[in-house]
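So you can see what is in the structure, the chains are spelled out below.
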Amino acid sequence: MIFPRSRGGGNAGRISGCCIGIVLLTGALGLYGCASPPRIPANIVLRDVHNNGYTLAFDSRSETLASGGSEGRIRLWRLPDGKELSGWKAHTDSLQGLVFLDHDRELLSAAYDGSLARWTRNGTLLKRLNTPAPVTSMAADEAANLVVTGHSDGHVRLWRLADLSLLRDLHPHRGAVRAVAYHAATNQLASSGTDGRVFYWRAREEPRPLPSPPTDAQDLAFAPDGTFLMGSGWFNLFRWQLDNGGLQILPTVHHGIVKSISFSRDGRTLASIGRQTDSAVYLLDAQTGVVLKRFQPHELCGSVVRLSPDGRYLASTSDDASVYIWDLQHPLPEQTFFSK
């Protein structure tokens with residue numbers, strides 16, 4: 001998740017928070033004016049679609065991409081051409097989660113205004129629930145009739161998807177929850193927080209701590225086969241083997257926070273996006289963290305990266321208000337981009 005900052009209009013609002021950190025870090029690392037290795041340009045660049053891009057979700061058929069921003073809007077984009085299908089003001093604060101439901105005819109959204117909301121694809125509100133605290137992360141599984149939310153008060157709450165009634169209210173973290181993850185086939189759950197702790201449990205169990213990583217886990221994702229949990233933090237990936245709880249640190253080429261990760265269908269590769277200094281987007285080896293492919297970086301701090309269910313598309317968004325979409329079956333020739 002991304003903690004919302006003070007709202008500002010246009011570029012001034014976007015630049016105020018993250019870019020100060022970029023200037024300091026890039027100055028320290030001497031990265032200004034440096035050419036990066038060749039990278040794959042985005043097939044589609046959707047500019048100024050949100051004040052800050054905060055969340056992304058593909059539908060189950062990889063035909064539509066949904067995006068949400070700090071201004072509370074949801075927008076839907078057709079694939080592969082990127083045409084806008086619909087868009088609406090959904091929340092009064094930043095979007096922190098999106099998922100398609102009901103054979104892709106509906107969406108569920110979660111936001112820092114503390115609400116969960118269910119929508120038709122054209123923005124008709126079906127149901128809204130105000131939760132006890134701002135939502136910082138969300139995962140959902142329609143088959144299990146389950147929604148999992150992390151909150152700024154350190155709670156992880158489980159809801160029945162059908163009516164958004166509360167099933168469990170857990171309080172594993174002493175600070176805000178950064179990320180929640182859910183593995184549908186095995187009913188495994190995980191959460192990470194600003195207290196530096198990571199918890200793991202199954203649906204009816206109590207959360208138990210995993211070995212703490214050296215820095216906060218900004219994002220979490222279960223491997224598709226459910227055998228391990230991956231996290232991301234400053235410079236590194238974190239890999240927990242769930243049969244014995246062992247933690248492995250995997251260095252990456254990111255120059256700062258690895259803000260978001262997304263598994264490929266086979267679990268062998270992992271898409272990642274950086275938040276500081278380079279806003280880089282990579283495809284990494286999930287076993288080693290080694291770069292397999294490099295993609296066009298964003299102009300400001302990266303927020304979220306997602307691979308589509310069929311593996312064809314990669315999408316990312318950032319504080320530069322844009323959404324990038326790559327068609328991995330039809331990649332453009334590599335180009336050289338310059339850091340700023």
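Structure first, text after, so check above.
What you see is a predicted model; the values in this text were computed from it and never measured.

Caption draft 1: Looking closely at the side chain of Asn52. Assignment of secondary structure puts Asn52 in the loop between strand E1 (44–46) and strand E2 (53–58). In terms of polar contacts, Asn52 uses its side chain to reach the side chain of Asn51, at 3.4 Å. A distance of 3.5 Å separates the side chain of Asn52 from the side chain of Asp319, its partner in a polar contact.

Caption draft 2: The sheet that holds strand E16 (residues 198–202), seen in detail. Ordered in space as E14-E15-E16-E17, the 4 strands form an open sheet in which the pairing is antiparallel. Looking along the sheet, the strands with just one partner apiece sit at the ends: strand E14 (177–183) and strand E17 (208–210). The mean angle between the axes of side-by-side strands here comes to 25 degrees, regardless of whether they run parallel or antiparallel. As paired elements, E14 and strand E15 (residues 188–193) share 6 bridges and run antiparallel to each other.

Caption draft 3: Main features of the pattern of salt bridges. Here the structure, examined in full by the defined rule, presents 15 salt bridges. Here Glu205 makes a salt bridge to Arg208, at a shortest N to O gap of 3.1 Å. Judged by relative accessible area, which is 32%, Glu205 ranks as partly exposed. Classification of Arg208 by relative accessible area gives partly exposed; the value is 39%. Connected through shared salt-bridge partners, Arg61, Glu63 and Asp104 make up one network.

Calculation notes
Residues numbered from 1 in each chain as written. Predicted model: local features only at pLDDT ≥ 70, side-chain atom pairs only at ≥ 80, totals over all residues. Heavy atoms only, no water. Helix = DSSP H or I, 4+ residues; strand = E, 2+ residues; numbered from the N terminus. Polar contact = N/O pair within 3.5 Å; in protein donor to acceptor, adjacent residues only side chain to side chain. Pairing = 2+ DSSP bridges. Axes fitted to C-alpha atoms, helices over the stretch in contact; angles between N-to-C directions. Salt bridge = Lys/Arg side-chain N within 4 Å of Asp/Glu carboxyl O. Buried < 20%, exposed > 50% of the residue type's maximum accessible area, 1.4 Å probe, protein only.

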